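Here's the letter readout for the chains.
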Number of protein chains: 2
Amino acid sequence: MKLYTFDSAPNPARLKMFIAYKGIDVETVQIDMAKAAQLEASYTDIVPEATLPALVLDDGSRLTEVIAIAHYLESLYPDRPLLGTTTEEKAMILNWNHRLFNTVFMACAEIFRNSHPAYASRGLPGPADMPQIPALAERGRARLGLALTTLNSELGLRPFVAGNALSFADIDLLAAIVFARWGAKVDVGEEYPHLVEWRARTDAALQA
Amino acid sequence: MKLYTFDSAPNPARLKMFIAYKGIDVETVQIDMAKAAQLEASYTDIVPEATLPALVLDDGSRLTEVIAIAHYLESLYPDRPLLGTTTEEKAMILNWNHRLFNTVFMACAEIFRNSHPAYASRGLPGPADMPQIPALAERGRARLGLALTTLNSELGLRPFVAGNALSFADIDLLAAIVFARWGAKVDVGEEYPHLVEWRARTDAALQA
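Remember, it's a predicted structure, so these values are computed and weren't measured experimentally.

Caption draft 1: Up close: the packing of aromatic side chains. Tallying each qualifying case throughout the model produces 16 aromatic pairs over all chains. Aromatic side chains A:Phe179 and A:Trp182 sit 5.3 Å apart centroid to centroid with 45° between the ring planes, which places their arrangement in the tilted category. One end of the pair is A:Phe179 and the other is A:Trp182, both in helix α6 (residues 168-184) and three residues apart, which spans about a single turn. Assessed through its relative accessible area of 5%, A:Phe179 is described here as buried. For A:Trp182, a relative accessible area of 37% translates into the label partly exposed. Geometrically, the ring pair formed by B:Phe105 and B:Phe179 is tilted, given 5.7 Å between the ring centres and 50° between the ring planes. Pair noted here: B:Phe105 is in helix α4 (residues 87-113) and B:Phe179 is in helix α6 (residues 168-184), with a separation of 74 residues, a long-range link. Accessibility assignment for this pair places B:Phe105 and B:Phe179 in one class, buried. Taken together, the aromatic side chains of A:Phe101, A:Phe105, A:Phe112, A:Tyr119, A:Phe179 and A:Trp182 make up a single cluster linked through ring pairs. Just above the ring of A:Phe105 sits the side chain of A:Arg14; from NZ or CZ to the centre is 5.4 Å.

Caption draft 2: Up close: the environment of B:Ala118. Tracing the chain through its elements places B:Ala118 in the loop between α4 and α5 (134-154). Along the backbone, B:Ala118 and B:Ala34 are 84 residues apart, and their C-alpha atoms lie at a distance of 9.7 Å.

Caption draft 3: Here's a closer look at the pairing of strand β1 (residues 2-5) of chain A. Residues and elements named next belong to chain A. Of the pairings in the sheet, the one linking β1 to strand β3 (residues 54-56) comprises three bridges and is antiparallel in character. Across the sheet, residue Lys2 finds its bridge partner in β3, namely Val56. Across three bridges, β1 lies against strand β2 (residues 28-30) in parallel orientation. When the sheet's bridge partners are listed, Leu3 is paired in β2 with Thr28. Crossover connection from β1 via helix α1 (residues 10-22) to parallel β2: handedness right-handed.

Caption draft 4: Summary view of unusual backbone geometry. Omega for the peptide link from A:Leu52 to A:Pro53 comes to 0°, which places this bond in the cis form. Mapped onto the elements, A:Pro53 comes out in the loop between α2 (41-44) and β3. Not every positive phi belongs to a glycine, and A:Ala50 is a case in point at roughly 60°. Along the chain, A:Ala50 falls in the loop between α2 and β3. With a phi close to 55°, B:Lys185 is a non-glycine residue in the positive phi region. With respect to the helices and strands, the residue B:Lys185 is situated in the loop between α6 and α7 (193-207). By relative accessible area, which is 69% here, B:Lys185 ends up exposed.

Caption draft 5: Representation of the domain arrangement of chain A. All names here are of chain A. Per the domain assignment, the segments making up chain A are domain 1 (2-76) and domain 2 (87-207). Using C-alpha coordinates to define each centre, domain 1 is positioned 20 Å away from domain 2. The partner domain 2 presents 18 residues to the 16 residues of domain 1 that form the contact. Both sides together, the interface formed by domain 1 and domain 2 hides about 1,400 Å², and carbon and sulfur atoms give 76% of it. It is Pro10, Arg14 and Met17 in domain 1 that bury the most area against domain 2; as a group they hold 40% of the surface buried on that side. For the pair domain 1 and domain 2, the interface holds one salt bridge. Residues Arg14 and Asp172 are paired through a salt bridge, measuring 2.7 Å at the closest nitrogen-oxygen approach.

How each quantity is defined
Residues numbered from 1 in each chain as written. Chains lettered and ligands numbered in written order. Predicted model: local features only at pLDDT ≥ 70, side-chain atom pairs only at ≥ 80, totals over all residues. Heavy atoms only, no water. Phe/Tyr/Trp six-rings, centres within 6.5 Å; stacked < 30°, edge-to-face > 60°. Helix = DSSP H or I, 4+ residues; strand = E, 2+ residues; numbered from the N terminus. Buried < 20%, exposed > 50% of the residue type's maximum accessible area, 1.4 Å probe, protein only. Lys NZ or Arg CZ within 6 Å of the ring centre and 35° of its normal. Pairing = 2+ DSSP bridges. Right-handed = clockwise from strand over helix to strand, strands pointing away. Domains from an automatic or database assignment. Contact = heavy atoms within 4.5 Å. Buried area = accessible area lost by both parts, 1.4 Å probe. Salt bridge = Lys/Arg side-chain N within 4 Å of Asp/Glu carboxyl O.

Here is the structure:
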């Protein structure tokens, strides 16, 4: 199998942390999104979705969604599990993955893609151009604030996003917070004390 | 455990099909979204996310995302599997679930929520009001057309969304197409011949 990715982009970044924590060795090709290389035929002939990351399996089939790539890799490399071991843990981590993607991560993407000059005709990922919608960047900011406030409250009640142990959900949130800073100019600082504490805890757990 | 839902809403509808196909018997409470009952304290005291469906487990923890509820239920009730049995199948079905949610399903939701008069201040699900963005309804229509064209091509190559067997991904797409018709006034007809054939195949498989 072969992983196509661009490590510094937000969605690839969370997969990179997952792979690094688990110590997985996978053949990797960087596709330079800064030069829009994901839209070139040399890539879209392999991955017509024109998105990154993508894991192409040996039979030629491809996984284009981070959550699916992570589940596939965790099945092959179960050590240092990040997707849960009991039925309840697995469900809760999957729940948080989906929820974080559709709240805090999507809010950052809405802000970034609908306001950055370099994305003037690229309001959505994928092969087709889409105009920016400035009102969507504004809504994204409102959404992001609400999501961070809720997460701050919840992380006052337990050490990690999905419960008592580090999981992929923490990596998801970490990647979103990094994205919020550079892509949306929103800093998760003292206004969110539980998030600041959680982040220190998560950074330490990822280094362990 | 107890399932809170509203069977006729698009996101609950796909969970309803999943449960019906597998013949699962779960205690269910209908929360009338037509009367905005999901925003009342009697519900938000239990599910602060104010979204439907939600599965509340016996320890009080809650799953609010359909994909997580489906995975949890399939673990408890493995008969008539809809989420795959091999590592590859499981990854591919999860991939399609995420991809369909973030393309065709989200496109329909963007159209519906940003154009229907009853949702004037409800541009997003959840407890907070959000203004409608008419340009987002328009973008949703462009996105939906592109997504359906791509799916039509792909379903000319294999019988079901995620491969050779019926899966939850087919239910996801079926629910999205039903939503497209009433929520977005987009009919998946002769323009998409492979989708029409796939739909007949899926309807038959679900009845089997």
